[in-house]
Amino acid sequence: MSSTHDHTPAHDHDQEHSHSGHGHSHAPANFNKAFAIGITLNIIFVAIEAFYGWRINSLALLADAGHNLSDVAGLVLAWGGALAVKLVPNARHTYGWKRATILAAFANALLLLVAMGGLAWEAIGRLMSGDVSLHAQGVTIMVVAGIGIVINTATALLFMRGGDDLNIRGAFLHMAADALVSAGVVVAGALTLWMGWTWLDPVVSLLIAAVILWGTWGLFKQSLHMLFDGVPDSVDPDAVRKLLQGLPDVTEVHDLHVWAMGTSQIALTAHLVTDTTDTAALLCEAEEKLHEHFEIRHVTLQLETPAYGQICGLRPGMRCQRE
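Residues numbered from 1 in each chain as written. Predicted model: local features only at pLDDT ≥ 70, side-chain atom pairs only at ≥ 80, totals over all residues. Heavy atoms only, no water.

1. With respect to the overall build of the protein chain
Defined as follows: Counting from the N terminus, the helices are DSSP H or I runs at least four residues long and the strands are E runs at least two residues long. Contact criterion: two residues are considered in contact whenever any of their non-hydrogen atoms come within 4.5 Å of each other. Method for areas: the Shrake-Rupley scheme with a 1.4 Å probe, in which residue coverage is limited to the protein chains shown.
Each helix and strand counted, the protein chain has 10 helices and 5 strands in total. Excluding contacts between residues fewer than 6 apart, the proportion of contacts in the protein chain whose partners are at least 24 apart in sequence is 71%. Here the protein chain displays about 16,300 Å² of accessible surface, and carbon together with sulfur accounts for 64% of that area.

Structure below.
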């Protein structure tokens, strides 16, 4: 929709603002059921792993139980972010709580990076000490780790179709990473029992941690970038500027801003200098093209006459002057 704001009391320059995206729903798919199932399964697995770790006095299982407890925390964070998006905007939070999904994705990535750092530290400690506890308790650890593969893989699959949402992708990566860790434990445990290679478990753990850190670093950087209103990776700001400058009767574009309102909605504001009289057609074309080419759905455009465009207070190096 569009609305015209009259500024004629101060000067004779017309300005028009267009706001689009308010009538469109582009919220992520509902993952409430997936989160509930994933959290329940992982709480059960943590209890099983902690029980057997305590029963056979396995530090490996107890440590992994603590690591899997971080999975529960990660899923809770992601779910909280997804629920926050649905909160209705109000006078004090005019954009709502969409940014909670970005914060949840950042926290999830940070949590996973810390967990993998702890795993790598433990693996290095085992290499240095020559711990052979896995050889002595290999069967039990392999069985429990096998259960972890099933639970973590099933949970990851619940979030696979949400890859376009950074928050959901963070939950998927977290669970897929843990499935990979459990698989590595099973393989290392089998080879250790078969060949007696007590060094294999920590080496495999280090390799897995390196792979997960490599994949998670991108999520961490992207979510941090979006937290500070960076332009989403899917949008080329130069291409956006060229598109707006190429609109009929637009002579200049300034004060262009593109940022993520959440992990699945992009916003744009810009000032367009134009002398067109058919402002409705210009605004409609701009909104349609931004949506079509860049999936930008929340658009706010200020139309300025060439005279006002020269003295606009938000023009680089200028401040508003009344004639």
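On we go.
2. Remarks on the packing of helix 8 (residues 237-245) against helix 9 (residues 279-294)
Going by this rule: Every axis corresponds to a line fitted to the C-alpha atoms, with the helix fit spanning only the stretch in contact, and the corresponding angles, defined between N-to-C directions, vary from 0 to 180 degrees. Should an angle fall under 35 degrees it is taken as roughly parallel, and over 145 as roughly antiparallel, whereas 65 to 115 is taken as roughly perpendicular and any remaining angle as oblique. A crossing counts as left-handed when the near helix is turned anticlockwise from the far one by less than a right angle, and as right-handed when that turn is clockwise.
Remark: helix 8 packs on helix 9, axes separated minimally by 11 Å, with the N-to-C direction vectors making an angle of 150 degrees. By the criterion of interaxial angle, the relationship of helix 8 to helix 9 is roughly antiparallel. Our pair here, helix 8 against helix 9, has a crossing hand that is right-handed. Packed against helix 8, whose contacting residues are Ala239, Val240, Leu243 and Leu244, the element helix 9 presents Lys289, Leu290, His293 and Phe294 at the interface.

3. Examining the nonpolar core
This is how it is decided: Definition used in this section: a nonpolar core is a set of buried Ala, Val, Leu, Ile, Met, Phe, Trp, Tyr and Cys residues joined via side-chain atoms within 4.5 Å. Relative accessibility under 20% of the residue-type maximum defines a buried residue, over 50% an exposed one, and the middle range a partly exposed one, all with a 1.4 Å probe and only protein chains included.
Core analysis: the biggest nonpolar cluster contains 22 residues, and Val240, Leu244, Leu268, Leu290 and Ile296 have the highest contact counts within it. Counting residues per element, this core draws most heavily on helix 9, at 5 residues. In this structure Leu268 touches Val240, Leu256, His257, Val258, Trp259, Leu290, Ile296, His298, Val299, Thr300 and Leu301, once residues within four positions along its chain are discounted. Leu112, Ala115, Val181 and Leu200 belong to the second largest nonpolar core, which has 13 residues in total.

4. A few points about unusual backbone geometry
For residues other than glycine, phi is negative in most cases, and the peptide bonds are mostly trans. One non-glycine residue with positive phi stands out, namely Asp249, at about 70 degrees. Positionally, Asp249 belongs in the loop between helix 8 and strand 3 (250-260). A relative accessible area of 44% means that Asp249 is categorised as partly exposed. Of note, the phi angle at Glu295 is positive, near 55 degrees, even though the residue is not glycine.

5. Let's talk about the pattern of salt bridges
When charged atoms on two side chains of opposite charge get close, those side chains can pair. Filter applied, for reference: Salt bridge, as applied in this entry: a Lys or Arg side-chain nitrogen positioned within 4 Å of an Asp or Glu carboxyl oxygen.
One pass over the full model with this rule turns up 3 salt bridges. A salt bridge links Asp229 to Arg99, with the nearest nitrogen and oxygen atoms 2.5 Å apart. Pair noted here: Asp229 is in the loop between helix 7 (200-227) and helix 8 and Arg99 is in the loop between helix 2 (59-85) and helix 3 (100-129), with a separation of 130 residues, a long-range link. Salt-bridge contacts for Glu285 lead to Lys289; the nearest nitrogen and oxygen are separated by 3.1 Å. One end of the pair, Glu285, and the other, Lys289, are both in helix 9, 4 residues apart, so they sit about a helical turn from each other. By relative accessible area, which is 29% here, Lys289 ends up partly exposed.

6. Re the packing of helix 3 against helix 6 (residues 166-195)
Put simply, the rule is: In this count, Pro and Cys sit with the nonpolar residues alongside Ala, Val, Leu, Ile, Met, Phe, Trp and Tyr, while Asp, Glu, Lys and Arg are called charged and the others, Gly among them, polar.
Helix 6 packs onto helix 3 with a crossing angle of 20 degrees between their chain directions and a minimal axis gap of 8 Å. The orientation of helix 3 with respect to helix 6, classified from their angle, is roughly parallel. Taken as a pair, helix 3 and helix 6 cross one another with a handedness that is left-handed. Side by side, helix 3 and helix 6 meet where Thr101, Ala104, Ala105, Asn108, Leu111, Leu112, Met116 and Leu119 of the first sit next to Leu166, Asn167, Gly170, Ala171, Leu173, His174, Ala177 and Val181 of the second. The residue makeup of the contact of helix 3 with helix 6, split by class, is 11 nonpolar, 5 polar and no charged.

7. What about the confidence of the model for the protein chain?
The test is simple: Confidence of the prediction at every residue is given by pLDDT, a number between 0 and 100.
Of the residues in the protein chain, 80% reach a pLDDT of 70 or more, and the chain-wide mean stands at 78. Between the elements of the protein chain, mean pLDDT differs from a low of 38, seen in strand 1 (residues 2-5), to a high of 95, seen in helix 8. Throughout residues 1-15 the model reports pLDDT below 50, and contacts reaching past four residues in sequence, or to other chains, amount to 33 contacts. The low-confidence segment residues 21-28 (pLDDT under 50) makes 11 contacts with residues lying over four places distant or belonging to another chain.

8. Focus on the environment of Ile266
Following the sequence through the fold, Ile266 ends up in strand 4 (residues 266-274). Taking the relative accessible area as the measure of exposure, Ile266 reaches 10% and is therefore buried. Expressed as a C-alpha distance, the spacing of Ile266 and Phe294, which sit 28 residues apart in the sequence, is 8.9 Å.

9. A few points about the packing of aromatic side chains
Rule in force here: Stacked, tilted and edge-to-face are the three classes assigned to paired rings of Phe, Tyr and Trp, where Trp is represented by its six-membered ring and a pair needs centres within 6.5 Å; plane angles under 30 degrees give stacked, over 60 edge-to-face, the rest tilted.
Under the criterion given, the structure shown has 7 aromatic pairs. Aromatic pair Phe31 and Phe159: ring centres 6.1 Å apart, planes at 25 degrees, arrangement stacked. Taken together, the positions of Phe31 in the loop between strand 2 (15-20) and helix 1 (32-55) and Phe159 in the loop between helix 5 (138-158) and helix 6 put the pair 128 residues apart, joining distant regions of the chain. A single burial state applies to Phe31 and to Phe159, both of which are buried. With 6.2 Å between their ring centres and 65 degrees between their planes, Tyr95 and Trp259 make a pair best called edge-to-face. Within this pair, whereas Tyr95 is found in the loop between helix 2 and helix 3, its partner Trp259 is found in strand 3, the two being separated by 164 residues in sequence.

10. A short note on the side chain of Asp255
Spelled out, the test is: The sign given to each residue is positive for Lys and Arg and negative for Asp and Glu; His and the chain ends receive no count. Polar contact criterion, stated in full: a pair of N or O atoms within 3.5 Å, where within protein one must be able to donate a hydrogen and the other to accept it, and residues adjacent in sequence count only if both atoms are side-chain atoms.
By the element assignment, Asp255 lies in strand 3. Here Asp255 sits buried without a salt bridge, and the closest side chain of opposite charge, Arg241, lies 8.4 Å off (N-O distance). A polar atom in the side chain of Asp255 sits 2.9 Å from the side chain of His257.

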